[in-house]
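Listed below, chain by chain, are the residues.
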Amino acid sequence: DSYALDALWSGASGVSGVSGANPAGYHATNVALHAVVTGLVFALFRRFALPPGVALAAALVFAVHPTLAAAVAWIPGRNDSLLAVFALAAWIFFLRDRSRSSRWDKALHFAFFGLALLTKETAIALPLVWIAETVVVDRPRDLRSNAMAYVVGWAVLGAALVLLHRAFAPGGIGASSGALVANVPVLVSSLGKLVFPFAPTVLSVQGDLSAWPGVIAAVALGASALVVPGVRARVVVFGLATFVVLLAPVLAVPGTLVLDNRLYLPAVGVLLALGEIARAAAFEGTPPVEARLFVALSVVLAAVLGAVTLGYEGAYRNRGTFAREAVDGSPHSPLAHFCLGQAYQIAGDPERALAEYTTSLSLGPGEIVHNNIAVLYMAGARWSDAERELREELALNPRYARAYENLAVVLRREGRDDESREASATARALEAP
């Protein structure tokens, strides 16, 4: 695991004094992965016949894009940047093999696709992207020569992923077409975040998202594909389809939290569509835009996006700034208020912590919230109030050992020793391997 490697090489100089607690090493790895992905984006866009200047500009926008900063600045966002490394590498080797039919390219394609599947289950949608690219963009006359080898390889790797899930997560993840339909507004708002990336959020719920930027973006992209001379409409369509296909597995899970880092790989499709429109507008227009003007405009755009990103990435500096940014960006998110309450509790501000926990519960039920409220009451020797909260916690989360441990303390304080011993025994049983 990459986090374990970071813990080994980054040392124990973190504020907590725990081995691997220094966050600098983790952030350095995230930045390095982002640089690799940016290079792969450039290489992929060149494969779609975008001129070097356009491909470089698109990759530069990817590098400084505010909405994608979550995958770099937030340490847990690494899952999406690792996925992008393996997915884009598999994609590039897929294209190389189709152009020259090399066994090594095919082997490397399957190797990187397998790593992508092990990194994140959403990689299961990648073969649909590659099939669409073959049919929509290249439109070859004969697909039979390599098609069977790829279909069999993808099917075997996909089946292996399903077997692993059944072995280690028998409950499944509960994806459904109904959830996908219900989350269509998230799809639209996500497109808006990528095309107009000036209001990134650390987390959101659907009710706090605006669909209008996404609607405007979709109309603008569609109109550009029809109006701008020289645009390869099939590339624009494919780019947008890639965005939809790669984001769909996330949206198919009910109650999905909206996190910007999940847009990291789907953003490649949107940038491909924008890059194709920029190519046609700059080099196929009448008259074409001069190279120097295109470079200047690209630098200005990258500078503006970079400034927005620099102003935003501080949201990931510590738990307090993260939680406050979460509440500001999504005031109706129970998780955002829970995170802010937890930050206040750790900082020793019980009144504000209790207020945020209460707000969180008013927005929806959540595990651990009642337990944390109970801890606040325990600190104030409000034992009956603490017991009530712990009972509510266990009704929601009956296998939460920490709640049983706290309940044992409360019952002992209330002089109910037999019940306390029973609660303590249950906590030990739940913690046993």
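Remember, predicted model here, so these are calculated numbers, not experimental data.

So, about the overall build of the chain. Broken down by element type, the chain carries 21 helices and 0 strands. Overall size of the chain, expressed as C-alpha extent along the three principal axes, is 85 × 45 × 45 Å. The burial tally for the chain puts 45% of its 433 residues in the buried class. Long-range pairs, those at least 24 residues apart, make up 67% of the contacts in the chain between residues at least 6 apart in sequence. For the chain, the accessible surface area stands at approximately 21,100 Å², while carbon and sulfur atoms represent 65% of it.

We now examine a nonpolar patch on the surface. On the surface, a cluster of nonpolar side chains totalling about 800 Å² of accessible area is made up of Phe196, Phe198, Trp212, Val215, Ile216, Val219, Val300 and Val304. Broken down by secondary-structure element, the contributors of at least two residues to the nonpolar patch are helix 11 (212-227) and helix 14 (291-312). Mapped onto the secondary structure, Phe196 falls in the loop between helix 10 (184-195) and helix 11. Overall, the relative accessible area of 36% leaves Phe196 in the partly exposed class.

Moving on, we get to the packing of aromatic side chains. Aromatic ring pairs: the centre-centre distance and the angle between the two ring planes describe each pair. Counted according to the given criterion, the structure contains 19 aromatic pairs. Seen in terms of ring centroids, Phe113 and Trp130 are 5.4 Å apart; in terms of plane orientation they differ by 75°. Their pairing is edge-to-face. Pair noted here: Phe113 is in helix 6 (residues 103-119) and Trp130 is in helix 7 (residues 126-138), with a separation of 17 residues, a long-range link. The pair Phe113 / Trp130 is uniform in exposure class, with both members buried.

Right, let's get into helix 2 (residues 23-47). An ideal rise of 1.5 Å per residue puts 36 Å on 25 residues; helix 2 measures up with 37 Å between its terminal C-alpha atoms. Within helix 2, burial applies to Gly25, Tyr26, Thr29, Asn30, Leu33, His34, Val37, Thr38, Leu40, Val41, Leu44 and Phe45. Here the buried face of helix 2 lies against helix 1 (2-10), helix 3 (52-64), helix 4 (70-73), helix 5 (78-100) and helix 13 (267-283). Following helix 2 by one or two positions, Ala49 adopts a phi angle in the positive range, close to 65°.

Let us look at the pattern of salt bridges. Under the criterion given, the structure shown has 17 salt bridges. With its nearest N and O atoms 3.6 Å apart, the salt bridge here joins Arg352 to Asp349. Since its relative accessible area comes to 49%, Arg352 is described here as partly exposed. You can call Asp349 partly exposed: its relative accessible area is 24%. As a salt-bridge pair, Glu389 and Arg388 come within 3.4 Å of each other at their nearest N and O atoms. Residue class for Glu389 comes out buried when judged on its relative accessible area of 7%. For Arg388, a relative accessible area of 38% translates into the label partly exposed. Ionic contacts of the salt-bridge type, sharing partners, join the residues Glu387, Arg391, Glu414, Arg416 and Glu419 into one network.

The rules behind these values
- Residues numbered from 1 in each chain as written.
- Predicted model: local features only at pLDDT ≥ 70, side-chain atom pairs only at ≥ 80, totals over all residues.
- Heavy atoms only, no water.
- Helix = DSSP H or I, 4+ residues; strand = E, 2+ residues; numbered from the N terminus.
- Buried < 20%, exposed > 50% of the residue type's maximum accessible area, 1.4 Å probe, protein only.
- Contact = heavy atoms within 4.5 Å.
- Areas by Shrake-Rupley, 256 points an atom, 1.4 Å probe, with all protein chains shown as cover.
- Patch = residues over 30% accessible without salt bridge, like charges linked within 9 Å, V, L, I, M, F, W, Y side chains within 5 Å.
- Salt bridge = Lys/Arg side-chain N within 4 Å of Asp/Glu carboxyl O.
- Phe/Tyr/Trp six-rings, centres within 6.5 Å; stacked < 30°, edge-to-face > 60°.
- Expected span 1.5 Å × (residues − 1).

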